[in-house]
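# Chain and residue survey
Next come the chains, spelled out residue by residue.
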Amino acid sequence: MARSLHRHGRALAEARQQVLVMRDLMDLQIESADGIDLGRVDDVEAEILADGQAAVTALLGGPQALAGRISSRLRPLIRRLLRDRFDSRIPIEEVAELGLVVRLRGPAARYGLGASDRWLAEHLWARLPGGRR
Amino acid sequence: MRKWLGLALGVVTATGGFLDAGTVVTAGEAGAQFGLGLLWAALVATLAVMLLVEMTGRFAAVSGKPYAAAVREHFGFKFYLLPLASELIAESVMLAAEIGGIAVAVSIATGLPWLPLFPLAALFVWLLVYRAPFSLIENGPAVLGLVTLSFLVGIAVLGGPNEHLVRSAWPPAVGPGKLPAYLGLAAAILGATISPYLIYFYSSGAREEGWNEADLTLNKVTAVVGMGFGSLGSIALIVLAAMVLLPQGKDGSTLPQLASTMTRALGAPGTLLFALALFATCTGAAFEVSLGLAYDVAQGFGWQWGEDEAPVEAARFNLVLTAVVVVSVVIGLLIQDPASLAIVGSTLIALFLPISLAPFLVIMNDRDELGERTNGRLSNIATGGVVGLAFVVAVLSLVLTFVGG
């Protein structure tokens, strides 16, 4: 079922009934309700439920999460350097739709993911001539 | 009617977009040093780039996503870093060569020294990628690039290649001690023509222009006719250099030397035509390379991207675009030799081709992305074969160069 989920895109409610394979979630594009590309699913947070099943609780994004994808030893190192400042955690409840992309319930401004895009736009490009075109 | 207009524009774009600093320098050196003995490499490379452009257009039209996104989704973040790193290294060198080519073109036309023009050329490239809409970037330099067809006029005026030269095409005669240089140039020609930035650029461009499955026939014709027509420019340059520089004993290793071939054929207007062709092709390529790199990074990390978006709408994408130009300026100022940079960049690309194109071939055979439109066996074998050839030739030339001292 792995890729068919990608192809057709189903509502999260339906996806919840299915067993998600990591490949269905990891590295997917994360999009806000207002259609802004915020980033990708760099890692996922899961917890083991009482019945022994694992459930995804949050999507993670940022340099620390990515460092963990490269090597588990790199993650604490980057964490000590950045102190969680650039990483964000999106609770799974915020996910409105899971298909070809992960669509969130709120507008871009609600999430920490993609905040650097807004910071750069405001502090750099908006101040340069032509930045708004 | 509109469809045919689209085809005409596509062909013009492909024709003008075929040449860049890498193809110009490698073609010129090949002709000057080995006559027509490396014509086969240009032909093989043309076939490969036709296949590649067709695949890239098909991929973007059917899957609806750009290439870098697909690489990360298919192979994961860790693997994605591999083609990304190879692209960043090889294409930064190439971009330095393209910007250098623009500066040298202006220098040939005006007589000013090229080095002070180099930062200005970089600023020009940055301003255009920063401000211009996608269609201007794609079509402007491409239409200007048709000037490369004046190389054919140059050949005709000089009377065409003589029988002796034609016979040097096959079997190629390689003098004693010349094998490393010969193989090196073969690899560089393949790398310069089959540049992977094309996949990132073209697949993203197809997204920016909203292609779909209805565009597939047009895509196929554009790839074959456009690239076939475009290769005329580089083949003509091999012939020109072989006719003019080879008898003079010059090695064709500088851009002004290559310009002198057109001067010989058409006088001062010939020099200007060469300068204009160089300017147009290097400008077009500089756009494509810098955008290709920015697409690669932004799509892989999932950021807002798009040349038609204002910089405030795609802030990180535009930051990468700027950083890429800055890095290339540094490279260009450290190694003040655009022609050598073009050769080094092309050779690096040839070495990295398996890393950049193996994932592409895997994705082109995935039914989840392409449905019934996956690759046929022939295009798989042909593309894989050329990639393998370029890599082996590049490695061989390096080994021979070092063994030979």
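Residues numbered from 1 in each chain as written. Chains lettered and ligands numbered in written order. Predicted model: local features only at pLDDT ≥ 70, side-chain atom pairs only at ≥ 80, totals over all residues.

Turning to the overall build of chain A, a few remarks are in order. Looking only at helices and strands, chain A has six helices and eight strands in total. Counting helices and strands in the order they occur from the N terminus, chain A gives α-β-α-α-β-β-β-β-α-α-β-β-β-α. By the burial criterion, 27% of the 133 residues in chain A qualify as buried. Across chain A, contacts joining residues at least 24 apart in sequence account for 49% of those joining residues at least 6 apart. (Helix = DSSP H or I, 4+ residues; strand = E, 2+ residues; numbered from the N terminus. Buried ≥ 20, exposed ≤ 12 C-beta atoms within 10 Å, placed from the backbone. Contact = placed C-beta atoms within 7 Å.)

Helix and strand counts for chain B come out as 17 helices and zero strands. Taken over the C-alpha trace, chain B has a radius of gyration of 20 Å; the compact-globule value for 405 residues is 22 Å, and the two agree within 12%. Over its C-alpha atoms, taken along the principal directions, chain B stretches across nearly 55 × 50 × 45 Å. Buried positions account for 59% of the 405 residues belonging to chain B. By sequence separation, contacts in chain B at least 24 residues apart represent 86% of the contacts at least 6 residues apart. (Rg over C-alpha atoms; globule rule 2.2 N^0.38 Å.)

What follows deals with the pairing of strand β7 (residues 95-98) of chain A. Residue and element names in this part refer to chain A. In this structure, β7 lies alongside strand β8 (residues 102-104), joined through three bridges in antiparallel fashion. Pairing of L98 across the sheet is with V102, part of β8. The turn joining β7 and β8, which pair antiparallel and follow one another in sequence, is formed by three residues. (Pairing = 2+ DSSP bridges.)

Looking now at the interface of chain B and chain A. Between chain B and chain A, the contact holds 20 residues from the first and 27 residues from the second. For the side of chain B that touches chain A, the secondary structure elements donating two or more residues are α4 (67-110), α5 (114-131) and α14 (315-334) of chain B. The greatest single-element share of the side of chain B that touches chain A, amounting to six residues, is contributed by α4(B). In terms of residue class, the side of chain B that touches chain A is built from 10 nonpolar, four polar and six charged. (Nonpolar A, V, L, I, M, F, W, Y, C, P; charged D, E, K, R; others polar.)

Formed by 153 residues in total, the largest nonpolar core has its most connected members in I189(B), L190(B), I238(B) and A390(B). The leading source of residues in this core is α4(B), at 21 residues. Look past the residues within four positions of I189(B) in its chain and what remains in contact with it is T26(B), A30(B), L38(B), A41(B), A42(B) and A45(B). Residues L28(A), L38(A), L59(A) and L104(A) belong to the second largest nonpolar core, which totals 14 residues. (Core = buried A, V, L, I, M, F, W, Y, C linked by C-beta atoms within 7 Å.)

Residues and elements named next belong to chain A. Here we have three strands laid out as an open sheet, ordered β4-β5-β6, and antiparallel in their pairing. The two strands at the open ends of the sheet, each matched to only one other strand, are β4 (43-48) and β6 (88-91). Averaged over all adjacent pairs, the angle separating strand axes in this sheet is 35 degrees, with direction ignored. Where β4 meets strand β5 (residues 54-61), six bridges bridge the pair, whose relative direction is antiparallel. Opposite I48, over in β5, you have A54 as the bridge partner. (Axes fitted to C-alpha atoms, helices over the stretch in contact; angles between N-to-C directions.)

Once that is clear, we can look at helix α4 (residues 63-70) of chain A. What α4(A) keeps buried is the set Q64(A), A65(A), L66(A) and A67(A). Packed against the buried residues of α4(A) are β4, β5 and α5 (74-82) of chain A together with α4 of chain B.

As a further point, take the confidence of the model for chain B. Confidence along chain B averages 90 in pLDDT terms, with 95% of residues attaining 70 or more. Complex prediction metrics read pTM 0.92 and ipTM 0.86. (pLDDT = per-residue confidence, 0-100.)

The residue after W170(B), namely P171(B), is reached through a cis peptide bond having omega -10 degrees. Mapped onto the fold, P171(B) is located in the loop between α8 (163-167) and α9 (179-193). A positive phi angle, close to 70 degrees, is found at D27(A), a residue other than glycine. Tracing the backbone shows D27(A) in the loop between α3 (22-25) and β2 (29-31). Phi is positive for R83(A), close to 50 degrees, though the residue is something other than glycine. Residue placement: R83(A) occurs in the loop between α5 and β6.

Summing up the model confidence of chain A, the mean pLDDT is 85 and the portion of residues at 70 or higher is 83%. In this model residues 1-10 of chain A is a low-confidence stretch, pLDDT under 50, and it forms 20 contacts with partners more than four residues away in sequence or in other chains.

Turning our eyes to something else, we now look at the pairing of β5(A). Residue and element names in this part refer to chain A. In this antiparallel pair of consecutive strands, β4 and β5, the connection spans five residues, and G52 shows a positive phi of 90 degrees. Judged from the four bridges that link them, β5 and β6 form a sheet pairing that is antiparallel. Counted as the bridge partner of L59 is I90 from β6.

Here we take up the packing of α4(A) against α5(A). Packed helix pairs are specified by the crossing angle of their axes together with the interaxial distance, meaning the distance between the axes. Residues and elements named next belong to chain A. Two numbers describe how α4 lies on α5: the axes approach to 7 Å, and their chain directions differ by 160 degrees. Overall, the two elements α4 and α5 adopt an arrangement that is roughly antiparallel. Where α4 crosses over α5, the handedness of that crossing is right-handed. Two secondary-structure elements touch here, α4 through P63, Q64, A67, G68 and I70 and α5 through L74, R75, I78, R79 and L82. Tallied by class, the residues present in the contact of α4 with α5 amount to six nonpolar, two polar and two charged. (Parallel < 35°, antiparallel > 145°, perpendicular 65-115°, else oblique. Left-handed = near helix turned anticlockwise from the far one by under 90°.)

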